[in-house]
Amino acid sequence: MALSPSSPPSPSGGSVRLLVVDDESTVRELLRTALRYAGFEVEAAATGEEALDLADRRPPDLVLLDVMLPDMDGFEVIRRLRAQPGGGPGGDLPVLFVTAREARQDRIQGLRLGGDDYVTKPFDLEELIARIHAVLRRTKAEPRAGLVVGDLELDPEAHHVARAGRTVRLSPTEFRLLHFLMANAGRTRTKGQILQSVWDYDFGGDRSIVDTYISYLRRKVDTGEPKLIHTVRGIGYVLREPHS
């Protein structure tokens, strides 16, 4: 496999910094070497505690996280990142799982907890790098215009969502999906359109990821009445105001 070096920009203006979390030294070194050659800055951690400490002291632009770690599993790591007080640096930190745990329930669990993508081992390095770029594009390049649909408000600059004045905390991918639906309020969008616009990647044709994330959004923004997110059977989804 041939990798060509590049210099992907960071939202802060420098090179993109990645944090690789894996207890297997061979995998850590493989990723560290390949990703540095691809133009990224790379730090590495072998345990969950080490990863949390590094993410707190010097937040990376993205975390590549294994599920099977010696002190806590990767699911607990992302739980702690997402639960940081006041949003913390880990609240919006993009997380890409890279793990040998390939069961469907593990994939769903990782995404439900706020993971932005899930790659199973063995992986292709070129594909992994493409997924890293896709996650960074969709989580860092938010449009600036605020959106309001009914009592639902979204502010891209502040990365803030509120429903009826109540703050709603979303993962980066949930936020991106909600922004897409609100920007297209009243217009039905197919799963293919959602995948292309929100994920910028086709997940190998697995469109069920759209259904999974729609259910997450409903649990967070549609807990009361009126419901805003609607299924259009056989087509896709639409976000619309009541009676519109």
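It should be noted that the structure appears before, not after, this text.
Note that this is a predicted model, so its numbers are computed, not measured.

Analysis parameters
Residues numbered from 1 in each chain as written. Predicted model: local features only at pLDDT ≥ 70, side-chain atom pairs only at ≥ 80, totals over all residues. Heavy atoms only, no water. Pairing = 2+ DSSP bridges. Helix = DSSP H or I, 4+ residues; strand = E, 2+ residues; numbered from the N terminus. Axes fitted to C-alpha atoms, helices over the stretch in contact; angles between N-to-C directions. Contact = heavy atoms within 4.5 Å. Buried < 20%, exposed > 50% of the residue type's maximum accessible area, 1.4 Å probe, protein only. Phe/Tyr/Trp six-rings, centres within 6.5 Å; stacked < 30°, edge-to-face > 60°. Core = buried A, V, L, I, M, F, W, Y, C linked by side-chain atoms within 4.5 Å.

A. Here's a closer look at the sheet that holds strand β5 (residues 117–120). The strand order β2-β1-β3-β4-β5 describes an open sheet built from five strands, whose pairing is parallel. Both outer strands of the open sheet, β2 (41–45) and β5, are each paired with one neighbouring strand and no more. The sheet shows a mean angle of 20° between the axes of neighbouring strands, taken without regard to direction. Strand direction decides the pairing type here: strand β1 (residues 17–21) and β2, joined by five bridges, are parallel. By the bridge assignment for β2, Val20 is matched with Ala44. Along the sheet, helix α2 (residues 48–57) makes contact with β1 and β2, crossing β2 at roughly 140°.

B. Just unusual backbone geometry, in detail. The omega angle of the peptide bond from Lys121 to Pro122 is -5°, so this bond is cis rather than trans. Summarising the element assignment, Pro122 is placed in the loop between β5 and α5 (125–140). Glu225 connects to Pro226 through a cis peptide bond whose omega is 0°. Take Pro226: it is sitting in the loop between α8 (208–221) and β11 (229–232). Here the phi dihedral of Ala164 falls at roughly 55°; this positive angle occurs in a residue that is not glycine. Looking at where Ala164 falls in the secondary structure, it is placed in the loop between β8 (160–163) and β9 (166–167). Residue classification places Ala164 among the exposed positions, given a relative accessible area of 59%.

C. Quick look at the environment of Gly186. You can see Gly186 is positioned in the loop between α6 (172–183) and β10 (189–190). The exposure class assigned to Gly186 is exposed, which follows from its relative accessible area of 53%. Along the sequence, Gly186 and Val149 sit 37 residues apart, while their C-alpha atoms lie 9.7 Å from each other. Here Gly186 is in contact with Val238, Leu239 and Arg240, once residues within four sequence places are set aside.

D. How the structure looks around the packing of aromatic side chains. With the rule as written, the count across this model stands at three aromatic pairs. Summarising the aromatic geometry, the rings of Phe97 and Tyr118 are spaced 5.6 Å apart at their centres and angled 35° between planes, so their arrangement reads as tilted. Taken together, the positions of Phe97 in strand β4 (residues 95–99) and Tyr118 in strand β5 put the pair 21 residues apart, joining distant regions of the chain. Neither residue differs from the other here; Phe97 and Tyr118 are each classed as buried. Between the aromatic rings of Tyr213 and Tyr216, the centroid separation amounts to 5.0 Å while the plane-to-plane angle is 70°, which identifies the pairing as edge-to-face. Residue Tyr213 and its partner Tyr216 are both found in helix α8; the two are separated by three residues, about one turn of the helix. In textbook terms, an aromatic cluster arises when at least three aromatic residues are bridged by ring pairs, as seen for Phe75, Phe97 and Tyr118.

E. View of the pairing of strand β12 (residues 236–239). Inspection of the sheet shows β10 paired to β12 by two bridges, in the antiparallel sense. Across the sheet, residue Arg189 finds its bridge partner in β12, namely Tyr237. Sheet analysis places β11 next to β12, joined by four bridges and oriented antiparallel. In the strand pairing of β12, His230 is matched with Val238. Where β11 folds back onto β12 in an antiparallel hairpin, the turn is made up of three residues, including Gly234, whose phi is positive at roughly 80°.

F. Geometry of the nonpolar core. Leu178 and Leu239 are the most contacted members of the largest nonpolar core, which has 29 residues in total. Sort the elements by how many residues they give to this core and α8 lands first, with seven residues. Setting aside residues up to four positions removed in sequence, Leu239 forms contacts with Val149, Leu152, Leu178, Leu181, Met182, Ala185, Gly186, Leu228 and Ile229. Counting residues in hydrophobic clusters, the runner-up holds 22 residues, among them Val16, Val98, Val119 and Phe123.

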